[in-house]
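# Secondary and tertiary structure notes
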Amino acid sequence: MDFLTIDMVKMHCRIELYDPNPDRQAEIDKNIKTQANKAEQEVYERIGRNYFDIIKEWEEVPLSIKQAALLLTYEGIMKHCGEHADLIKMLLKPYKKK
């Protein structure tokens, strides 16, 4: 994960689950990381920039890009594919490479 964190995802998705079984908790966290990585990659593909391009241009990851990645992560975790497609497109439009 380049700019999302497990804590950011858990807060955004309202995941309060903590499993006392360490193996089960590791599985939950692994799923969150997998979905967050996929979301970040999708953001990069949609805007035609990678993490280093974003940092070079804006010195930090803009909030809209983080929000779009969190929405994509939510969709991956909760399996609500496409529910936020228009919102994600709107959030990322200003950052798309021309």
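Scroll up to find the structure this text is about.
Here the structure is a predicted model, which means the values were calculated and not measured.

## Remarks on the packing of helix 4 (residues 63-78) against helix 5 (residues 85-92)
For the pair helix 4 and helix 5, interaxial distance at closest approach is 8 Å and the crossing angle is 155°. Overall, the two elements helix 4 and helix 5 adopt an arrangement that is roughly antiparallel. Of the two elements, helix 4 crosses helix 5, and the hand of that crossing is left-handed. Residues Ser64, Ile65, Gln67, Ala68, Leu71, Leu72 and Glu75 of helix 4 form the contact with helix 5, whose participating residues are Ala85, Leu87, Ile88, Leu91 and Leu92. When the residues that make up the contact of helix 4 with helix 5 are grouped by side-chain class, the tally is nine nonpolar, two polar and one charged.

## A few points about helix 1 (residues 6-13)
Listing the buried residues of helix 1 in full gives Ile6, Val9, Lys10 and Cys13. Seen along its axis, helix 1 keeps its buried residues to an arc of 100°; they face one direction. Among the exposed residues of helix 1, those oriented more than 90 degrees off its buried face are Asp7 and Met11. Along its buried surface, helix 1 packs onto helix 2 (22-47) and helix 4. Just beyond helix 1, the residue with positive phi is Arg14, at close to 55°.

## Here's the deal with the packing of helix 2 against helix 5
Contact pair helix 2 / helix 5: the axes reach a minimum separation of 10 Å and the direction vectors enclose 60°. By the angle between their axes, helix 2 is oblique relative to helix 5. The interaxial crossing formed by helix 2 with helix 5 has right-handed handedness. Contacts between helix 2 and helix 5 pair Val43, Arg46 and Ile47 from the former with Ala85, Ile88, Lys89 and Leu92 from the latter. Here the contact of helix 2 with helix 5 is composed, by residue class, of five nonpolar, no polar and two charged.

## Description of helix 3 (residues 51-58)
The residue sitting at the N-terminus of helix 3 and contributing the capping side-chain oxygen is Asn50; that oxygen lies 3.0 Å from the backbone nitrogen of Phe52. Positive backbone phi, approximately 70°, marks Glu59, located one or two places after helix 3.

Rules of the game
Residues take numbers from 1 onward in each chain, read along the sequence in its written order. At least 70 in pLDDT is required for a residue's local features to be given in this predicted model, at least 80 for side-chain atom pairs to be given and counted, and no such filter applies to totals for whole chains, interfaces and linings, which use all residues. The basis for every side-chain value is the complete set of heavy atoms in the structure, and neither hydrogens nor water enter the calculation. Between N-to-C directions, angles cover 0 to 180 degrees, with each direction set by a line fitted to C-alpha atoms, over the stretch in contact for helices. For the purposes of this entry, the term helix denotes a DSSP run of H or I that reaches at least four residues, the term strand denotes a run of E that reaches at least two, and both are numbered from the N terminus. Our angle categories are set so that under 35 degrees counts as roughly parallel, over 145 as roughly antiparallel, 65 to 115 as roughly perpendicular, and the remainder as oblique. A crossing counts as left-handed when the near helix is turned anticlockwise from the far one by less than a right angle, and as right-handed when that turn is clockwise. The contact definition used throughout considers only heavy atoms, calling two residues in contact when any of these lie within 4.5 Å. The nonpolar class holds Ala, Val, Leu, Ile, Met, Phe, Trp, Tyr, Cys and Pro. Asp, Glu, Lys and Arg form the charged class, and all remaining residues, Gly among them, are polar. Using a 1.4 Å probe on the protein chains alone, a residue whose accessible area is under 20% of its type maximum counts as buried, one over 50% counts as exposed, and one in between counts as partly exposed. For this quantity, the arc is that covered by the directions from the helix axis to the C-beta atoms. Here a polar contact means two N or O atoms within 3.5 Å. Within protein one must be a hydrogen donor candidate and the other an acceptor candidate, and residues neighboring in sequence count only if both atoms are side-chain atoms.

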